[in-house]
Amino acid sequence: MKKRKGFIFTDKKHSNRAVMAAVLGAISLASLGIMVFLSYRNGGKVGAGFGVGALLAALYSTVGLILGLVTLQEKEYFRLFPVLGIVLNLLALVSVGLIIYAGGSLA
């Protein structure tokens, strides 16, 4: 195997805020997925805890989205985790919106 002849030196690093944004997005999506699965398994009969869980998922997604957007504007950090955090948190917020819309249209 041939060894590469060049090196790329950079002082960029991964931001802790961006990693936290991605983690919050993953937590929000996972909790929403679990709640939808459990709701489907119970035939749509759920308690107030599911509403509180969706509210917390929306809150986590909003905080994660803000963290991702703030970190994306900074030049000294890599872009992987801020973009991943923004995408995951937007997916979670859209999912919460769709769940609320579907629940309101069925009532």
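Residues numbered from 1 in each chain as written. Predicted model: local features only at pLDDT ≥ 70, side-chain atom pairs only at ≥ 80, totals over all residues. Heavy atoms only, no water.

1. So, helix α1 (residues 16–41)
Phase 1: Taking 1.5 Å of rise per residue, the 26 residues of α1 would be expected to cover 38 Å, and the 37 Å separating its terminal C-alpha atoms lies within 8% of that figure.
Phase 2: Those residues of α1 that fall on the buried side of the exposure criterion are Ala 18, Ala 21, Ala 22, Leu 24, Gly 25, Ser 28, Leu 32 and Met 35.
Phase 3: N-capping of α1 is provided by Ser 15, with a side-chain oxygen placed 3.2 Å from the backbone N of Arg 17.
Phase 4: Positive backbone phi, at 75°, marks Gly 43, one or two positions downstream of α1. (Helix = DSSP H or I, 4+ residues; strand = E, 2+ residues; numbered from the N terminus. Expected span 1.5 Å × (residues − 1). Buried < 20%, exposed > 50% of the residue type's maximum accessible area, 1.4 Å probe, protein only. Polar contact = N/O pair within 3.5 Å; in protein donor to acceptor, adjacent residues only side chain to side chain.)

2. Notes on the pattern of salt bridges
A side chain of one charge can pair with a side chain of the opposite charge when the charged atoms of the two come close.
Phase 1: Counted according to the given criterion, the structure contains one salt bridge.
Phase 2: One salt bridge in this structure joins Glu 74 and Arg 17, with 2.7 Å as the shortest N-O distance. Of this pair, Glu 74 sits in the loop between α2 (48–72) and α3 (80–106) while Arg 17 sits in helix α1; the two residues are 57 residues apart in sequence, bridging distant segments of the chain.
Phase 3: According to the relative accessible area criterion, Arg 17 is partly exposed, its value standing at 33%. (Salt bridge = Lys/Arg side-chain N within 4 Å of Asp/Glu carboxyl O.)

3. A word on the layout of surface pockets
Phase 1: Estimated volume of the largest pocket: approximately 380 Å³.
Phase 2: In this structure, the largest pocket is lined by 17 residues; those nearest its centre are Ser 39, Ala 54, Ile 99, Ile 100 and Gly 103.
Phase 3: Listing elements by their share of the lining of the largest pocket, those giving two or more residues are α1, α2 and α3.
Phase 4: Among the elements that take part in the lining of the largest pocket, α3 stands out by supplying seven residues, more than any other.
Phase 5: The class makeup of the residues in the lining of the largest pocket is 14 nonpolar, three polar and no charged. (1 Å grid on protein atoms, 1.4 Å probe; cavity = no way out; pocket = protein on both sides within 12 Å on 5 of 7 lines; lining within 4 Å. Points joined across faces, edges and corners; volume = space filled by probe spheres on them. Nonpolar A, V, L, I, M, F, W, Y, C, P; charged D, E, K, R; others polar.)

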